[in-house]
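If you want the building blocks of each chain, they are given just below.
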Amino acid sequence: MTTVRELHNKAMLLAQEAIIAKEQGDRENSEILARQACQLEEQAANMVPFSENSEPTRSILYKSAASLAYQSKDFDKANRLIIQGLSGFPPYQIEEELNNLFDQVRFERNLRTREAFIDSDAIEITIKGDSVGSGIIPYSELKKRIDGMVSIFDKTTLRLLQGQFGTRLKQKLFEPLIEAPKAGSFIVGMKLEVLPNKQLPLLFNAEIVINEIMLGIERVNNNDEVSLREQMGSNDYYSHFVSMTQEMAPDGKKINLVAFTSRNKTVNLTRNRDDIPIVTIAETDKEQEKETAIVVEGVLDYANSQNKKSEMGLTTDNNEQYTITVDAGLEDYVRGYYKRYVRIYGTGINKQIHFIRLEELD
Amino acid sequence: MAINNYLKIDIDTVGHGIPVLVEGVAAYYKESCIICLDHHSYSTGVLMMVSYGIEKEVQVFWTGEATDKMRKAYRDMKRTTDNAACAFALLIMRDHGNYGIEQASADGSTIDYYLSSTNDDDTLIFNYSARLEVSGILSETEHNTTKKRIQAKKKRLKKDGNLKDIIVVVCFNPLKTEVIEV
């Protein structure tokens, strides 16, 4: 007769194959392997007697099986397995992990049910974390995500209509609308409404803009730089999209999950903002490497975009003033920190800094 | 000729003697190690300070080097650091610990490892185990040190119930590993 150990070991081999498939970008195969692993792990868990002496083995096996069901997107099964694990005598840590997994599963299921109710010209941003209550959120956490999305709406529309980054459309086509926040975690709807008396170009509509944004966010989350660069077409559009997505991403402290739902799909932005590099190795060109690395802290206090590249001022605690040159694609991102106390990383000489990245300081 | 008595960690052997680790994941772990070591320009034979009850210097060996293709594939440095840390933890436990790596369980998109000195029970497979809690730091900073990481982990793993934890924090700059049992 097959033992718990044998079933579990077979399940774990498949689980690791699922991780490898996911790393290689083969999500479909990854889900199939996770489903197969889940079946074996569930069989193993079911063979362990329901008794206090069976812990922690019993609850670890159910948690492992539930996690595999979650990976294979079988949320109903994941729920059942979590409940079985909790129904025994799990030690504190495993109980806590089962409860966290339960929250994640419930969250995913809710998002998927919402897709059917969203208009094709709308997008919903769901924000979850310790600082978010049911239908209530700190202003700053909401503002940075709405500002980020409005900026992405504008630039995506411009890019799809083949406008060069930094230019403007002759006439504004859409007005972003905000729908009343819905209770849940914190869900805010945004809609792209065509302005009155405006004629959209042929074969162009808000749904195309929304789908394009969802694809981009998904690629940022999957760390798929190559496809994202191809999608964005230019460095400026690429930098802008990544920096604004980084602004909307969870920080892992106050906010631990941000999800975007459109009529067609849900994208969970699970990468923490610190894990989304704005300036990648590819962009740090040789010229910059030759210059001195500079790190400076202070308040961003003026902006000037008369030149092709934007300039911002930074004043330190000692009243020293620095000029920060910002690439076009990162302008909106850096402006979001106007009058805030930040640490700037860059390269340069004397008090002229070519911006690479920033951190907001408390 | 000087003879050194350093203990050794051979990254190339990460797939050996750990039955719960499949070949593909072992290769992935090894490459993650190479990326993190290369990030700080270390060469094979570099010394790592390992604190596991007592402090000892351990010599780290590997073959192969980071290529541009690898750097591109492993660009997510946080994940790469965590995977490299996991490889070091498994190697240290296998070669220098009192436990064998007995079991694994799925946890989202990662694997949890469980250690055990003896476990012949084919049903209650986790009952005599300690969980391996691994964390990686690419470069230590004032706010992100191995000590602080261990404190944070200890705080999270409130001691309640019968699950024992072994915390391993691997730091790549300076190169050191701290192991504690809670």
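Bear in mind the structure is a predicted one, so any value in this text is a computation, not a measurement.

Turning our attention to the overall build of chain A. Of regular secondary structure, chain A possesses 11 helices and 11 strands. Buried residues in chain A amount to 38% of all 362 residues.

All names here are of chain A. Around the barrel, which closes on itself, the five strands sit in the order β7-β8-β9-β11-β10 with mixed pairing between neighbours. In this sheet, adjacent strand axes meet at a mean angle of 55° when their direction is disregarded. Relative to strand β9 (residues 321-326), strand β8 (residues 310-315) runs antiparallel, the two sharing six bridges. Counterpart to Thr315 in the pairing with β9 is Gln321.

Below, the discussion takes up the environment of Phe102 of chain A. Tracing the backbone through its elements, the reader meets Phe102 of chain A in helix α5 (residues 92-115). With 19 residues separating them along the chain, Phe102 of chain A and Ile83 of chain A place their C-alpha atoms 8.6 Å apart.

Attention now moves to the confidence of the model for chain B. Residues and elements named next belong to chain B. Model confidence for chain B is summarised by a mean pLDDT of 84, while 90% of its residues fall at 70 or above. Model confidence for chain B, summarised as mean pLDDT per element, is weakest for strand β4 (residues 100-107) at 75 and strongest for strand β2 (residues 46-52) at 93. Two numbers describe this predicted complex: its pTM, 0.66, and its ipTM, 0.83.

Moving on: helix α3 (residues 57-71) of chain A. Residues and elements named next belong to chain A. Look at α3: 21 Å from first C-alpha to last across 15 residues, which is about the 21 Å you get at 1.5 Å a residue. Judged by how many residues are buried, α3 sits mostly within the fold: 15 of 15 residues are covered. Downstream of α3 by a residue or two, Lys73 has a phi angle that is positive, lying close to 65°.

What follows deals with the nonpolar core. Formed by 85 residues in total, the largest nonpolar core has its most connected members in Ala15 and Ala37 of chain A together with Ala87, Ala89, Leu90 and Val168 of chain B. Per-element tally for this core: the top contributor is helix α3 (residues 77-96) of chain B, with 10 residues. Once residues within four sequence positions are removed from consideration, Leu90 of chain B is found in contact with Val14, Ile18, Ile101 and Tyr113 of chain B. Phe174, Val209, Val242 and Ala249 of chain A belong to the second largest nonpolar core, which has 52 residues in total.

Moving on, we come to the interface of chain A and chain B. Accessible area lost during the coming together of the parts is what is often quoted as the interface size. Opposite the 32 residues of chain A that make contact, chain B presents 27 residues. Of all the secondary structure elements, the ones that give two or more residues to the side of chain A that touches chain B are α1 (4-23), α3 and α5 of chain A. A per-element tally of the side of chain A that touches chain B places α1 of chain A first, with 12 residues. In the side of chain A that touches chain B, the residues fall into 15 nonpolar, 10 polar and seven charged.

This brings us to the pairing of β8 of chain A. Residues and elements named next belong to chain A. Side chains Ser310, Met312 and Leu314 project from β8 onto a buried face, and the interleaved Glu311, Gly313 and Thr315 project onto a face without burial. With five bridges joining them, strand β7 (residues 292-304) and β8 adopt antiparallel strand pairing. Opposite Leu300, over in β8, you have Leu314 as the bridge partner. Connecting the antiparallel pair β8 and β9 is a turn made up of five residues, with Asn319 showing a positive phi of about 70°.

We now examine unusual backbone geometry. Geometrically, the link from Glu55 of chain A to Pro56 of chain A is a cis peptide bond, its omega value of 5° lying close to zero. As for its placement among the helices and strands, Pro56 of chain A is situated in the loop between α2 (27-46) and α3. Backbone torsion omega between Asn173 of chain B and Pro174 of chain B reads 0°, so that peptide bond is classified as cis. Summarising the element assignment, Pro174 of chain B is placed in the loop between β7 (164-172) and β8 (175-181). The backbone phi angle of Lys73 of chain A is positive, close to 65°, even though this residue is not glycine. With respect to the helices and strands, Lys73 of chain A occurs in the loop between α3 and α4 (75-86). With a phi angle near 70°, Lys339 of chain A is a residue other than glycine that sits in the positive phi range. Looking at where Lys339 of chain A falls in the secondary structure, it is placed in the loop between α11 (331-335) and β10 (341-349).

Quick notes on the rules
Residues numbered from 1 in each chain as written. Chains lettered and ligands numbered in written order. Predicted model: local features only at pLDDT ≥ 70, side-chain atom pairs only at ≥ 80, totals over all residues. Helix = DSSP H or I, 4+ residues; strand = E, 2+ residues; numbered from the N terminus. Buried ≥ 20, exposed ≤ 12 C-beta atoms within 10 Å, placed from the backbone. Pairing = 2+ DSSP bridges. Axes fitted to C-alpha atoms, helices over the stretch in contact; angles between N-to-C directions. pLDDT = per-residue confidence, 0-100. Expected span 1.5 Å × (residues − 1). Core = buried A, V, L, I, M, F, W, Y, C linked by C-beta atoms within 7 Å. Contact = placed C-beta atoms within 7 Å. Nonpolar A, V, L, I, M, F, W, Y, C, P; charged D, E, K, R; others polar.

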